[in-house]
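Listed below are the residues making up each chain.
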Amino acid sequence: MNRKKVLLMGKSGSGKTSMRSIIFANYIARDTKRLGATIDVEHSHVRLLGNLVLNLWDCGGQESFMENYYRSQKENIFRNVEVLIYVFDVESRELEKDVHYYQSCLEAILQNSPDAKIFCLIHKMDLVQEDHRDLIFNERQEELKKLSKPLDCTCYRTSIWDETLYKAWSSIVYMLIPNVKEIETSLRDFAAIQDADEVLLFEKATFLVISHAERHQHRDVHRFEKISNIIKQFKLSCSKLAAHFDAMEVRNSNFAAFIDVFTPNTYIMVISSDSQIPSEAILINVRNARKHFERLEKDSHQARSLAFNR
């Protein structure tokens, strides 16, 4: 089992638990309103791709807890961290205090987990007037990158009400998959054999995009996250009706798209600009490729186990 310790931190009310619940616990955005504040640290183990497990520490953001983390729990919380995700409420009225706690967090990371990857999520961007969002995000990103030195941080704008949340978390999970480059190479080969415009690989539980192969450029750069959001909502609707989502086919005059169960841990989506292509022509290639991708997952797990046992 390959375990990755992920810290989710930020001030109380910044939206940490809401985003975690949407991505990993199948909440929809409007249902997160009933979630209470996190008390101290909530631990959860999220299995991705079968053998990759995120050991997620959702740290309560009340001042008393934050002070305690840095004063008496520093080694316990900040040791062996693979990823720090720090969430900032874009509308916070206490920016100086937010910055103070973030810097304290970075100091603890430097002391205990200097190789950790740092991600900053500028959250609740839906509350910002649309024509001001780019400016505000770019300003915050520049400030945070300066504050984070000598560590590097990657910033994302997020909201629970649109696809930006999926974009951020897909990017984070992508970075944690050990053999993702090998998966991408095989996906490109599959797309070429299939003569597909594009092929996407989704993690089965979260429906985050973990890999893709693009053979023809598409104008919508946010399409992956939009698809994740739409299909996950559809899956939730199916489960409420005691139905199980397995596959989907969509056609119009411009394209044909197919979503099917692929490996035990993934779904695959194949998109073709040939809207008349027979379904079986796509699905037989999916079936033929399935064993190869299952072997990739298995080989990756064995390699990780050997590395872990050394």
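Residues numbered from 1 in each chain as written. Predicted model: local features only at pLDDT ≥ 70, side-chain atom pairs only at ≥ 80, totals over all residues. Heavy atoms only, no water.

Draft legend 1. Region of interest: the environment of Ile231. Along the chain, Ile231 falls in helix α8 (residues 223–240). For Ile231 and Lys16, which are 215 residues apart along the polypeptide, the C-alpha to C-alpha distance reads 23 Å. In this structure, Ile231 is in contact with Phe207, Phe245, Met248 and Ile259, ignoring residues within four places of it in sequence. (Helix = DSSP H or I, 4+ residues; strand = E, 2+ residues; numbered from the N terminus. Contact = heavy atoms within 4.5 Å.)

Draft legend 2. Main features of the sheet that holds strand β8 (residues 209–214). Across the sheet, five strands lie side by side as β8-β7-β11-β10-β9; this open sheet has antiparallel pairing. With one partner strand each, in any of the chains shown, β8 and β9 (248–251) form the two edges of the open sheet. Adjacent strand axes in the sheet meet at a mean angle of 10 degrees when their direction is disregarded. With five bridges connecting them, strand β7 (residues 198–203) and β8 associate as antiparallel partners. Paired with Leu200 across the bridge in β8 is His212. Its contacts with the sheet put helix α7 (residues 180–194) on β7, β8 and β11 (266–272), and the angle it makes with β8 is roughly 40 degrees. Along the sheet face, α8 touches β7, β8, β9, β10 (256–261) and β11 and points at about 50 degrees away from the line of β7. (Pairing = 2+ DSSP bridges. Axes fitted to C-alpha atoms, helices over the stretch in contact; angles between N-to-C directions.)

Draft legend 3. Representation of the confidence of the model for the protein chain. On average, the protein chain scores 87 in pLDDT, and the residues at 70 or more come to 95%. Of the regions scoring below 50 in pLDDT, residues 303–310 engages in five contacts with residues more than four places distant in sequence or in other chains. (pLDDT = per-residue confidence, 0-100.)

Draft legend 4. Just the state of the cysteines, in detail. In this structure the tally under the stated criterion is zero disulfides. Here Cys120 stays unpaired: no disulfide links it, and the sulfur of Cys153, its closest cysteine neighbor, is 4.2 Å away. The exposure class of Cys120 is buried, given its relative accessible area of 0%. Its sulfur unpaired, Cys155 is 3.9 Å from the next cysteine sulfur, which belongs to Cys153. Cys155 gets classed as buried once you look at its relative accessible area, which sits at 7%. (Disulfide = S-S within 2.5 Å. Buried < 20%, exposed > 50% of the residue type's maximum accessible area, 1.4 Å probe, protein only.)

Draft legend 5. Inspection of helix α2 (residues 63–71) at higher detail. Turning to α2, its buried residues number three or more, namely Phe65, Met66, Tyr69 and Tyr70. One face of α2 carries all of its buried residues, which in axial projection span an arc of 130 degrees. Residues of α2 that are exposed and angled more than 90 degrees away from the buried face: Ser64 and Arg71. The secondary structure elements touched by the buried residues of α2 are β1 (2–10), β2 (41–48), β3 (52–59), α3 (74–78), β4 (83–89) and α4 (95–112). (Arc of directions from axis to C-beta.)

Draft legend 6. Fine view of the packing of aromatic side chains. Scanning all chains against the criterion turns up 10 aromatic pairs. Arranged with centres 5.1 Å apart and planes meeting at 65 degrees, the rings of Tyr86 and Tyr102 form a pair that is edge-to-face. Of the two residues, Tyr86 sits in strand β4 while Tyr102 sits in helix α4, which places them 16 residues apart along the sequence. On the basis of relative accessibility, which here comes to 0%, the residue Tyr102 falls in the buried class. Ring pairing ties together the aromatic residues Phe202, Phe207, Phe234, Phe245 and Tyr267, which thus form one cluster. Over the ring of Trp57 we find Lys5, and its NZ or CZ is 3.9 Å from the ring centre. (Phe/Tyr/Trp six-rings, centres within 6.5 Å; stacked < 30°, edge-to-face > 60°. Lys NZ or Arg CZ within 6 Å of the ring centre and 35° of its normal.)

Draft legend 7. The arrangement of the sheet that holds strand β6 (residues 153–157) in detail. Taken in spatial order, the six strands make up an open sheet running β2-β3-β1-β4-β5-β6, and their pairing is mixed. At either margin of the open sheet sits one strand with a lone partner, and together these are β2 and β6. The mean angle between the axes of side-by-side strands here comes to 20 degrees, regardless of whether they run parallel or antiparallel. Bridge analysis of β2 against β3 gives eight bridges, and the strand direction is antiparallel. Residue pairing across strands places His45 opposite Asn55, the latter belonging to β3. Contacts between helix α1 (residues 16–24) and the sheet are confined to β1, β2, β3, β4 and β5 (117–123), with β3 contributing the most and set at about 155 degrees to the helix. In the packing of helix α5 (residues 133–148) onto the sheet, the strands contacted are β4, β5 and β6, and the crossing angle to β6 comes to about 160 degrees.

Draft legend 8. How the structure looks around the nonpolar core. Counting 50 residues, the largest nonpolar core has Phe24, Ile85, Leu121, Trp169, Ile177 and Ile268 as its most contacted members. Here the element with the most residues in this core is helix α6 (residues 164–176); it accounts for seven residues. With residues up to four places along the chain from it excluded, the contact list for Trp169 reads Leu8, Met19, Ile23, Phe24, Ile85, Leu121 and Leu208. Counting 33 residues, the second largest nonpolar core, distinct from the first, contains Leu7, Tyr70, Ile118 and Phe137. (Core = buried A, V, L, I, M, F, W, Y, C linked by side-chain atoms within 4.5 Å.)

Draft legend 9. How the structure looks around the environment of Leu121. Position of Leu121 relative to the elements: it lies in strand β5. Considering only alpha carbons, one finds Leu121 and Phe137, 16 residues apart in sequence, at a separation of 10.0 Å. The contact partners of Leu121, leaving out residues within four places of it in the chain, are Met19, Ile85, Tyr86, Val87, Phe88, Tyr156, Thr158, Ala168 and Trp169.

Draft legend 10. How the structure looks around the pairing of β9. Of the strand pairs in this sheet, β9 and β10 are connected by four bridges, and their pairing is antiparallel. In the sheet register, Arg251 faces β10, and the bridge partner there is Ala256. Connecting β9 to the next strand, β10, in antiparallel fashion are four residues.

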